Every structure is written in C-alpha cells, then in structure tokens.
Amino acid sequence: FMFEEIGKIEGCEITKNKVNEFLEAEGTVKLDDVESELQRLYQTFLKAKENNEKLMDEKNQAVEELEVFAAAMKILGEGSKVETSEGLGQPILDDDALGGRRLGYVAGVVPRIDEMRFSRALWRASRGNTFTQFSTIKEKVVDPKTGQVLEKSVFVIYFQGAVGSMKDKVLKVCTAFGVNLYAWPSSSEQARARDSFLKKQLEEKNRALEAFQRHMATEAAELVAPAPWNSKGNSKIEDWRLFCIKEKSIYTILNQCEEGMALRVNVWYPASDEAKIQGLLKAEREASPDGQGAFLNPDRGAWKSTPPTYIRTNEYTEVFQEVVNTYGIPRYQEANPALLTVVTFPFIFGMMYGDVGHGSLLLMAGVWLVQNAESLRFSQPVLFSARYLVLSLGIFATFAGFMYNDFFSIGLQLFPSGFVDKEGNGQFTPTYDVTNSGGPGPYPFGLDWAWVGASNELLYVNSLKMKLSVLFGVAQMIVGLLLRWSNALYEKNMTDFIFECIPMMIFMLCFFGWMDVMILYKWTHPIDNAPNIINSLICMAMGQQDNNPLWDGSVELAQTLMKFTVLSVPIMLLPKPFILLFQHKAEQKKSKGEGHQLLRDEEEGVVESAHGGHGHGEEFEFGEIFIHQIIETIEYVLGTVSHTASYLRIWALSLAHQQLSLVFFQKTLTMGLEMSFPANGIMLYFMFAAWFGITLGVLLGMDVLECFLHTLRLHWVEFQSKFYRGGGEKFAPYNIRSLVDGSSE
C-alpha cells in the first residue's frame, strides 16, 4: 500500500536491489522499532489517501458544475449584445423561455463512452419526446480512487413540462447510468454569479491539492532516502520491507519447530557440509553470553522420506541444470545429465547453426550479456540467467562454422585447397592422397573451400552432415545407456542391469553401432565398389546376401551382430517379470514366517522396481507387470530406430540455415555488387541494410530459437529417455539472500 502511494508522488523513486548492503547493515534494525514506525506511517498514509480522495472529488465536482454553468450561459445568451428585440442576435431560448417553465430541463455530466447509450435510453424511455445536447469537458477529470483520467461530457436534456411523468422517466434513466446531476440556472444573471463562485472555489481546491502534494512529497522524501544505518543502500522503506520479509521467514521456520525442553526441528543438509555446520554452531554457542545455542544431531537411521536432490552449480552450469530441471528434478543420487549437457547442448546447437558470421554475432551478444550482467540481474532476470548459455551457443556455432567453412554463405580460404583446376574448365582434381596410402593429407581443418559454389556441393555437404548427425546421435544415446548402467549399479538392482541394461546396449551396438562403423570405415578406407550403407543395413536386417561387402568377412560379421540384436529383444522382454514374481513369493513366505506383513517404502519396494519407478505401493499384479514390460520393450526397440532418425534434424536445420543465408546474400548484396557503376556504390548501402535487417530478424532471431528448441527436444526425448526418470524434489535450503534477492515485486 505504501509503495503504491509513494509511487504516485512525482519525483519520488524508491532505490532497490542493493541486497549486499542490506545484509551487511540489517543487524542494526530492531523489529519493535520497525513495527511501530510502519504502523504510524500506515495510518498517516491512509488518512492522507482519504483526504486526497476527498479533495479530488470536490475538485471534480467543481469542474463539472463549472462546465455545466458554462454551457448554461451559452444557451441562455451570455455575452450577447442585442440592439433590437427583433434582431438576429436575439437568443432562441431567452431567460423567459426557460424561466417561464414552458420547457423542463435536467443537466449533468456523463462519461463520454456512455453518451450514445445514454442518449438511446432517453429516447426510448420518452418515446422520442426529449432532446439531449452534449458538450465535451476539456479539463482533465481524474478518478480519485484509481488515478485514471476520465473523459466526460456535459449534457442538457429538454422535455415538455417542468414537472410530471416525463421528468420522472428522465431522472430514472439518469439514476440508472449513475450520472452526476447539477442544478440548472433560471436566468443568465444567476448563471454568471454561480460561475464566478465556482471559479474561485476551483482555485481554492487546486491550491489545497498542491499544498497536500508538497506535504506528501516532503513525507515521502525521507522514506525514499537511504536509512541512516545504511547510507549506501536501498531506500529506508525498501530496507524495512526486506527486513520484514526476513523476520516473517524466520518466524515461519520457528513455527515448524516442536516445543519441549528445547525447540527441535528435522532438517536435510548436505553431508559434505556437516563439519562446516557444526563449526558455525559451536562458534555461535561460544560467542553467546549464557552459552546457549543450537546443536546438530545427525540421524544415521533409515530415511522416513525421500531425501531432496542437491546439485552444486556455479554461474556457468546453473542455466544448464535449469534446462534439465525443467524436464524433471533428478531423483536422489540419480545420474544427472546436466554435466554432459553443458557440452552436448551447445555442441548440437552449433552443428545446426554452424556459421562463422552468425555465430560471431551470437558470441558478441553473449559477451555483452556477461559483461553487463549486474545491470541485468534485476531488470532482465531471464537474460541474466541465460548469459552463459548464449555465450556457449555462440562459441560452438562459430566453431562449427569453421568446420563447415561457412561465413555468411561464403567460403573462407584459410589454407591452401586440396583441389586444383588444372585445365581451367571447372573440373577440379584432388592434389592430396585420396587412397590414404601415405601421401599428402587433405584440407587440414574443416571443409575445403573449393566445395563452395561447386555444382555437386549440396550432394557432398548433405551426405557429410547427414552422417555426422547419425554418428553423434548414436554416440549420445550410447552415453545415455551407460548412465542407465550407473543408475542400476548404484541402486544394486541386478535384475535391471542384467536383463535390461545389457540387452539394451547389445541392441544399440550390434545394429546402430555397426552402422557407425560402416560410415567411419568408408571415410577412412577407399573402396572401389563401395556399398550403400542403407542397402547393407536392409540386407543385414532381412538376412539377404550383400554383394558389396566392406571387407572380406564383413557380411558374416554383420549377420552375427544381427543375431545378437534379435536375441536381445526376448531377454529384455521375458526374464524380468518372472524374476519379480519369484522375489514377491519369497517375500510373502518370509512375511508369513515372521507372522506379520512386510511393509516397504516406495523407494525400496518390489512393486516400484517391477514398474520401473511407476509403482505407488499397489498390490503386486503379475499381469500388469508383464504388460508394462512388453510396452517398455516395444518402446525401446521402436524408439531407438525413431530416435536415430530424429537426429537427422541436425542435418536438416544446418541445411536450412546454410541455404537461407545463401539466398539472403544473393538477393541483396550480390545483386548490389553486380550493378554497373555508379549505381552499385549507391545501392550497396541499401542492399546491406536490407541484408542485415533480414539476418537479424530471421537468422539471428527465428533460426536461433528454432535450433534451440530442436536441441532441447534431442536432449529431453532422445537422450534423457534412455536413463532419466526425474520426479525428485529439489533441495531448497533456508537462505535469507535468496528470499530478499527474489522479492523484487
């Protein structure tokens, strides 16, 4: 309330966001003093608000009535100088016309937006026997409660008869619309006298309002100035607000304690910080005059609830951890993909967005965000959090641009080309050892610039990027399966490890890993009659004879790997449900022998392991478990195929980015350069402006967002689905800094 009232006063700006200064000086403030001072100020501001509303309402009434009488003087012939009674200057309605009660009249003020509705309502209520005249009020009328400027109009309603049913109908319509009614003068002399009185009254109201505003500005100046105990910090009112937030949070924590000989509360804390916490508590007890303080008694027994997940982050890794947490908080001690995401996320983005020019612009944006981080901390918190993400995306996009040798669709001649046009007819011949038999090597880094503009550039570059996408996709999914291994080994769940993790890895390596081996072998070993990889995979899956082997014995090896691939599917499907059934029966026998029913926590129960983390303590149902295993097996087998194909989006987006960049460059700068002199020198400025505008809007705006979203999908679906369940609870320790730092509203 007080912040809103201070914000309405011109020239009063509250200083905020100086959290460090507040935390250093807040020990000098006492709760009782702040409470009494805030109560006094609240009553003062509340009375001031009521007084201000009263003054504003009286001023508005004076303004509206003054406008009504101004309209009355105009209608009654104010200022008209008539030389003869028959002259054209004689008013149509003189004093006697209205004063003699031959016409009835009602005057008031109505909001402009209601003029048409009000006029139609009067017409219908009177059956067309009224005439309404409107005139706009030029002076501003401010609503005293909302502070909004209202546009109003003066209305005068004429009807036959000064009294009677017609006047009653008109008054009912006015009441329904909530308009303000004012007395209509009976003569021009009365109107002039009332007008003079209202002008004086309006001047008095304006002076009273100005004096009130000066008084409130003086009162607020002390509140918006820094407090005496924190001269370099926030405004005094802001420091009080942060202090109240801190005290309220402390009492909230105290309310969670159990009463007794001493207050007791159960807490979670990082095991690695136990010695530090004990040291701090001991120091506080020794510093206390009476030796009292807090003690930490670690409970080494069984958990009564699932521990929260605490992941240490820094300013760089925090944003990548948030990307993972958006999908789901890791369970306690579950493999956390954020550390790998720090590298793989910007790397995949770079593969999609690879361009030296565009990547450099994105990199410069990231550098600017990092350098101006403090100014963005509170004004633009989203940009502040994403600053290192943008920086990483720019670095990897620039690196991939050098790999693709693409600078705004232009090839960079960084090193001597490995191709030469010996005859000058556009047919390039390689100068390096294409047979890889010990001769000169190829282009030392990235793509040879001779490919840029070649007739078969797209054919070659598409094949290269397509295979790179598949290679990296399979590698990332294999890493995901390895993390699934780590989860099973940490949980000591040998059933999942032997009958899920191992056959999943066999399926992945024997089929898709073999596909990657074929790609790499074709790149490094020149073959006269090289096989088509897709045809070889079809022959491998269908059991057909491949007439173009990679090497002698490769076909037999592929057939053997296919047998392992097929055998891994029933191993994933059948053993686990029956093992869980056997374990459940053994548990029942043990429970009956002990004479009680064994109860398990959800984290340790057979049901959860049977349902892959989807159980909620329900009874063991073999049919449900078997159906669930069938679904998971089918999902993994088919999902592995679809996920491998999904990584081709890296190639598709890279192709789209490169072609868009080429088209924009050709249709703008190239057209300007191809013009004849001096038109080219003039048009080049306009073409550059068009090219740069399109680049900013499309390639640095829409395309960055598109590549980011596709990279996010590859991590959430294709990568994390191999091992990551989520469903944990984030460790949120009590921290005063986080409370006051995030309370800017």
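Check the entry above for the structure.
Source: prediction; values computed, not measured. (Residues numbered from 1 in each chain as written. Predicted model: local features only at pLDDT ≥ 70, side-chain atom pairs only at ≥ 80, totals over all residues. Heavy atoms only, no water.)

## Focus on the overall build of the protein
Right, so step 1: A tally of regular secondary structure across the protein gives 25 helices and eight strands.
Right, so step 2: A globule of 745 residues ought to have a C-alpha radius of gyration of about 27 Å, yet the protein, at 41 Å, is considerably larger.
Right, so step 3: Projected onto its principal axes, the C-alpha positions of the protein cover 125 × 95 × 60 Å.
Right, so step 4: Here the protein, with 745 residues, has 39% of them falling under the buried criterion.
Right, so step 5: By sequence separation, contacts in the protein at least 24 residues apart represent 74% of the contacts at least 6 residues apart. (Helix = DSSP H or I, 4+ residues; strand = E, 2+ residues; numbered from the N terminus. Rg over C-alpha atoms; globule rule 2.2 N^0.38 Å. Buried < 20%, exposed > 50% of the residue type's maximum accessible area, 1.4 Å probe, protein only. Contact = heavy atoms within 4.5 Å.)

## Regarding the nonpolar core
Right, so step 1: With 63 residues, the main nonpolar core has F349, Y353, V474, M508, M515, L537 and M540 as its most contacted residues.
Right, so step 2: If one sorts the elements of this core by residue count, helix 17 (residues 494–524) sits on top with eleven residues.
Right, so step 3: Among all residues touching M515, those that are not within four sequence positions of it are V470, V474, I533, L537 and T644.
Right, so step 4: In this structure, L38, L41, F212 and F243 belong to the second largest nonpolar core, which totals 26 residues. (Core = buried A, V, L, I, M, F, W, Y, C linked by side-chain atoms within 4.5 Å.)

## Details of the sheet that holds strand 5 (residues 152–160)
Right, so step 1: A sheet is described by the order of its strands in space; here four strands give the open sequence 2-5-1-6, paired in antiparallel fashion. Each end of this open sheet is capped by a strand with a single partner; those strands are strand 2 (130–136) and strand 6 (180–182). Pairs of neighbouring strands in the sheet enclose a mean axial angle of 25°, with direction left out of account.
Right, so step 2: Here seven bridges tie strand 2 to strand 5, and the two strands are oriented antiparallel to one another. Bridge assignment links S135 to a residue of strand 5, and that residue is V154.
Right, so step 3: Lying over the sheet, helix 5 (residues 115–125) contacts strand 1 (103–111), strand 2 and strand 5, oriented at roughly 165° with respect to strand 2. (Pairing = 2+ DSSP bridges. Axes fitted to C-alpha atoms, helices over the stretch in contact; angles between N-to-C directions.)

## What to know about the pattern of salt bridges
Right, so step 1: Going through the model one piece at a time under the given rule, you end up with 18 salt bridges.
Right, so step 2: For the salt bridge of E334 with R331, the shortest nitrogen-to-oxygen distance reads 3.6 Å. R331 carries the same exposure label as E334, and that label is buried. (Salt bridge = Lys/Arg side-chain N within 4 Å of Asp/Glu carboxyl O.)

## Considerations on the packing of aromatic side chains
Right, so step 1: Per the counting criterion, the structure on display carries 33 aromatic pairs.
Right, so step 2: Centroid distance F688 to F692: 5.9 Å. Interplanar angle 15°. Geometry classified as stacked. Of the two residues, F688 and F692 are both situated in helix 24 (residues 679–719); the distance of four residues between them amounts to about one turn of the helix.
Right, so step 3: On the accessibility criterion, F688 (43% relative accessible area) is partly exposed.
Right, so step 4: The ring centre of F384 lies 4.1 Å from the NZ or CZ of R387, which sits over that ring.
Right, so step 5: Stacked on the ring of Y404, the Lys or Arg K465 has its end atom at 4.3 Å from the ring centre. (Phe/Tyr/Trp six-rings, centres within 6.5 Å; stacked < 30°, edge-to-face > 60°. Lys NZ or Arg CZ within 6 Å of the ring centre and 35° of its normal.)

## Comments concerning unusual backbone geometry
Right, so step 1: In this structure, P678 follows F677 across a cis peptide bond, with omega equal to 5°.
Right, so step 2: With respect to the secondary-structure elements, P678 resides in the loop between helix 23 (649–674) and helix 24.
Right, so step 3: One non-glycine residue, F408, lies in the positive phi region at around 55°.
Right, so step 4: Within the secondary structure, F408 is located in the loop between helix 15 (387–404) and strand 7 (419–420).
Right, so step 5: Unusually for a residue other than glycine, S409 sits at a positive phi of about 75°.
Right, so step 6: On the secondary structure map, S409 appears in the loop between helix 15 and strand 7.

## Some details on helix 18 (residues 533–542)
Right, so step 1: Those residues of helix 18 that sit buried are I533, S536, L537, C539 and M540. Buried residues along helix 18 cover an arc of 160° about the axis, so they all sit on one side. What points out from helix 18, more than 90 degrees from its buried face, is the exposed set I534 and M542.
Right, so step 2: Those residues of helix 18 hidden inside the fold are in contact with helix 17 and helix 19 (554–573).
Right, so step 3: With a side-chain oxygen lying 3.0 Å from the backbone nitrogen of I534, the N-terminal cap of helix 18 falls on N532.
Right, so step 4: Phi for G543, located one or two positions after helix 18, is positive at around 75°. (Arc of directions from axis to C-beta. Polar contact = N/O pair within 3.5 Å; in protein donor to acceptor, adjacent residues only side chain to side chain.)

## Side note on the packing of helix 10 (residues 318–327) against helix 11 (residues 338–353)
Right, so step 1: Contact geometry of helix 10 with helix 11 gives a least axis separation of 9 Å together with a crossing angle of 100°. Put simply, helix 10 runs roughly perpendicular to helix 11. When helix 10 is examined against helix 11, the residues F320, Q321, V323 and V324 are found in contact with a partner set consisting of A338, T341, V342, F345 and P346.
Right, so step 2: In the contact of helix 10 with helix 11, the residues fall into seven nonpolar, two polar and no charged. (Parallel < 35°, antiparallel > 145°, perpendicular 65-115°, else oblique. Nonpolar A, V, L, I, M, F, W, Y, C, P; charged D, E, K, R; others polar.)

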